[in-house]
Each structure stands twice: as C-alpha cells, then as structure tokens.
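Spelled out from the first residue to the last, the chains are:
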Amino acid sequence: MTGHLTAPAAALADQLPRWATLVRAPNPGPMTLDGTNTWVLGAPGTGEVVVVDPGPLDDGHLAAVAALGPVAGVLVTHGHPDHTEGLDRFLELTGAEALTFRGGASTVEVAGLRIGLLVTPGHTADSRCFVIDGEGGRAVCTGDTILGRGTTVVAHPDGDLGDYLASLETLTRFDGVVALPGHGPALADCSAAARFYLAHRHARLDQVRAALVRGARTAAEVVATVYADVDRSLWPAAEWSVRAQLAHLDRENREPPDRGDRESGPGAGGLDSP
C-alpha cells in the first residue's frame, strides 16, 4: 500500500552545478517544505545571472537574490504566489525583465547558459520546467512538478492528473540529470524521481479505485480512506489531488476502449503524500 511519503524521490545531489546557487525564501510550512527555492544561475565570469522563481514578497529575500546580480532576466515555473508574489518588486529592484521564448523558440542563451523550455502542465495548467546546459553540467529546474522531498499537489481544477502523468513521462528522459526543485533539496537524477512519482501516482489511483469500490462517494470520503495516515492539516490539500484523481478516472471510464488511457500533454506545491 502507498503510504505517507516524506522522503526524497531520488538520491540527493552531491553538489550543485558550478553555475547554480540556491537562495531559499523564509516561508517554510507544510505546503512549502523548507521554503521556496529561488535558483540563481550564471556561468562564472559572465558577470550576469538568470533568476528562476523570485519567490514571495519578502524584502530581505529579494534583496539577497538581487545582490547576486546583475540580473539578465527572470523565469518562473508557474504562477503560484509562493513563486511569483515577489516578481514585480524584484523586477523593480533589479531593472531586469521577464525572459520570454519568442517566435516559437524553445531555447534562449543568456548568462553563459543555454536554457530550454519544457511545457509540463499538471501541477497547474501553466507549469513548466527549464533545461539548463552550462559548462560542466546539465540540470532541470522542475518547479513544483518534482519536489526535493515528498510529492506535489495536482491543484484541481487548474491542475490535471492526465497532463501531470504525461509531464512526468517527459521528465523520465533526463537520466542522470540533476533536478533543481521548487522546494526541498536538489536531486541527483531527474529521471529516477519522475519514475518514482509515476509509480506513486499509479499506486494512488489504485487506492482511489479501491475506495470507490468500498463505497466512498465524495472526494472527502476518499481522502479519509486513502490518506488516513496523513496529518489531517494536509487533508484539504489532499482533496485537491483526489478531485484530480476522480476526474481522471471518470474521463478514463468514459473513453472508448480502443483509445486507451488519456495521457496528453492554490498555494504551493508541497504535500508529503498526495
């Protein structure tokens, strides 16, 4: 049985790429783990950096990140406030602009790095990851799609479980590539974490199916059965994921058999066992 998951989904990274610096925001909590990770990325000697997820509107945090500049541009993994609330203030502080991928381009080159865009909906509809290539290493900024500890919420109805499973499949391509998550420690292998998450999600779906067979009829009743080992303070967040699971199963049941399973591509991401 899938139980309360609090451990990392893969081995921790022994070290960060030489071009990556973590500044953790002072907003720890059940949904943010140790706090939101702001990643400051720039090849040594280039004299500029890119910032991924400025974080909450906390002047001390934003000033600490800005001090690592000059900032050539800012990226965000998704729109939840623990990642973006401080964005406008940070752009004001630094004079930087939000980086965009123009004209259908999926990569930009800045701060001595090549940054590729991966559209990875699921946690939220706007979730995306960034593949960073720099001298001496590669990494994926995963936002809340993969966390450094525990698993993430599928924030239904904005989030979608079918999309999330497809996004995890995409991330299994990055064997041996460091994952720089939106919360928690960096992981040594993005692919291993994605495969673990996939197995965990499918096991949860089996538990939800079993709960329905036993008579559960509402998301709250499923949570009380499937998440009985989870701290009740997290049950409201678990209910978001259960609603996403129920919608996924309903869609699965309504699809013609010859089409197969669908796998197309309110807070923070962290939940120890969604």
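Residues numbered from 1 in each chain as written. Predicted model: local features only at pLDDT ≥ 70, side-chain atom pairs only at ≥ 80, totals over all residues. Heavy atoms only, no water.

Quick word on the packing of aromatic side chains
Stage number 1. Scanning the entire structure with this criterion turns up 1 aromatic pair.
Stage number 2. On the numbers, 6.3 Å between centres and 10 degrees between planes, the contact of F101 with F130 is stacked. Placement of F101 in the loop between α3 (87-94) and β5 (107-110) and of F130 in strand β7 (residues 128-134) is noted, with a sequence separation of 29 residues between them. Accessibility classification places F101 together with F130 in one group, the buried group.
Stage number 3. Across the ring face of Y227, the terminal group of R204 is positioned such that the distance to the ring centre comes to 4.5 Å. (Phe/Tyr/Trp six-rings, centres within 6.5 Å; stacked < 30°, edge-to-face > 60°. Helix = DSSP H or I, 4+ residues; strand = E, 2+ residues; numbered from the N terminus. Buried < 20%, exposed > 50% of the residue type's maximum accessible area, 1.4 Å probe, protein only. Lys NZ or Arg CZ within 6 Å of the ring centre and 35° of its normal.)

Remarks on the pattern of salt bridges
Stage number 1. Under the definition given, this model contains 10 salt bridges.
Stage number 2. R209 is paired through a salt bridge with D206; the nearest N and O atoms lie 2.8 Å apart. With R209 and D206 both in helix α5 (residues 190-213) and 3 residues apart, the pair spans about one turn of that helix.
Stage number 3. Given a relative accessible area of 46%, D206 falls into the partly exposed group. (Salt bridge = Lys/Arg side-chain N within 4 Å of Asp/Glu carboxyl O.)

Here's the deal with the sheet that holds β7
Stage number 1. The 5 strands lie next to each other as β5-β6-β7-β8-β10, forming an open sheet whose pairing is mixed. Only two strands of the sheet have a single neighbouring strand rather than two, namely β5 and β10 (178-181). Along the sheet, successive strands turn relative to each other by an average axial angle of 25 degrees, direction set aside. (Pairing = 2+ DSSP bridges. Axes fitted to C-alpha atoms, helices over the stretch in contact; angles between N-to-C directions.)

Re the sheet that holds strand β1 (residues 20-24)
The pairing of strands in a sheet happens through backbone hydrogen bonds and is either parallel or antiparallel.
Stage number 1. Taking strand neighbours across the sheet as the criterion, the 4 strands line up as β1-β2-β3-β4 in an open arrangement whose pairing is mixed. Each having just a single partner strand, β1 and β4 (71-75) make up the two edges of the open sheet. The mean inter-strand angle of the sheet, taken between neighbouring strand axes irrespective of direction, is 25 degrees.
Stage number 2. Here strand β2 (residues 37-41) runs beside strand β3 (residues 49-52); their pairing, made up of 3 bridges, is antiparallel. Looking at β3, one finds that L41 is bridged to V50.
Stage number 3. Where α3 meets the sheet, it contacts β3 and β4, and its direction lies at approximately 170 degrees from that of β4. (Contact = heavy atoms within 4.5 Å.)

Concerning the state of the cysteines
In protein structure, a disulfide is the covalent linkage between the sulfur atoms of two cysteines.
Stage number 1. Tallied over the full model, the rule gives 0 disulfides.
Stage number 2. Take C129: it sits in no disulfide, and the sulfur closest to it among the cysteines is that of C190, at 7.0 Å.
Stage number 3. Residue C129 is classed as buried on the basis of its relative accessible area, which comes to 0%.
Stage number 4. For C190, a relative accessible area of 0% translates into the label buried. (Disulfide = S-S within 2.5 Å.)

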